[in-house]
Amino acid sequence: QVQLVESGGGLVQAGGSLRLSCAASERTFSTYAMGWFRQAPGKEREVVCAISLSGGRTICADYVKERFAISRDNAKNTVYLQMNSLKPEDTAIYYCAAGPRYSGSSIYTKIADYDTWGRGTQVTVSS
């Protein structure tokens, strides 16, 4: 089972940017589809963005569309989430997750598709 560690969270003003990183523990990282999710107080965990094995396909939820971008560097066993134009409603704990293996160009947006989760990193956006 791959292990995941998120980093890069913090406190930022509305309109600012953050870049989150998720480091994986093994070279087989490139065989996993990956995703970023978030959970705010009083809300259910929700998808942010997802990415295919090689990074050739990505998708982001409508509520972050055109503001966030997911990418990966398989040589570094790392997936990233670039967050721009942050809003207070983006405040949440952000989690990376490893999904299906050997999944080609497929992307996944459901929590149930993911088997392994990081501990999360807090993102707080002030007004």
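Residues numbered from 1 in each chain as written. Predicted model: local features only at pLDDT ≥ 70, side-chain atom pairs only at ≥ 80, totals over all residues. Heavy atoms only, no water.

Chemist: Describe unusual backbone geometry, and please don't skip the residues or the numbers.
Modeler: Even without a glycine there, the phi angle at Glu66 is positive, about 70 degrees. Counting through the fold element by element, Glu66 comes out in the loop between β6 (58–60) and β7 (68–73). One non-glycine residue, Asn77, lies in positive phi territory at about 55 degrees. (Helix = DSSP H or I, 4+ residues; strand = E, 2+ residues; numbered from the N terminus.)

Chemist: Account for the pattern of salt bridges, with residues named and values stated.
Modeler: In the structure shown here, the tally under the stated rule is three salt bridges. A salt bridge links Asp90 to Arg38; its shortest N-O distance comes to 2.9 Å. Of the two residues, Asp90 sits in the loop between β8 (78–83) and β9 (92–101) while Arg38 sits in strand β4 (residues 32–39), which places them 52 residues apart along the sequence. Here the two residues Asp90 and Arg38 agree in accessibility, since each one is buried. Asp90 serves as the salt-bridge partner of Arg67, at 2.8 Å between the closest nitrogen and oxygen. Here the residue Arg67 occupies a position in the loop between β6 and β7, and Asp90 occupies one in the loop between β8 and β9, the gap between them amounting to 23 residues. Just as Arg67 is buried, Asp90 falls in that class too. Residues joined by salt bridges that share partners form a network here, namely Arg38, Glu46, Arg67 and Asp90. (Salt bridge = Lys/Arg side-chain N within 4 Å of Asp/Glu carboxyl O. Buried < 20%, exposed > 50% of the residue type's maximum accessible area, 1.4 Å probe, protein only.)

Chemist: So, the environment of Tyr95: which residues are in play, and what are the values?
Modeler: Positionally, Tyr95 belongs in strand β9. Counting along the chain gives 54 residues from Tyr95 to Pro41, while the straight-line C-alpha distance between them is 14 Å. Apart from the residues lying within four places of it in its own chain, the contact partners of Tyr95 are Glu6, Gly35, Trp36, Phe37, Gln39, Arg45, Trp117, Gly118, Arg119 and Gly120. (Contact = heavy atoms within 4.5 Å.)

Chemist: How would you summarise the pairing of β8 if you had to cite specific residues and measurements?
Modeler: Buried residues dominate β8, accounting for five of its six residues. Bridge count between strand β3 (residues 18–24) and β8: six bridges; the pairing is antiparallel. If you follow Leu20 over to β8, its bridge partner there is Leu81. (Pairing = 2+ DSSP bridges.)

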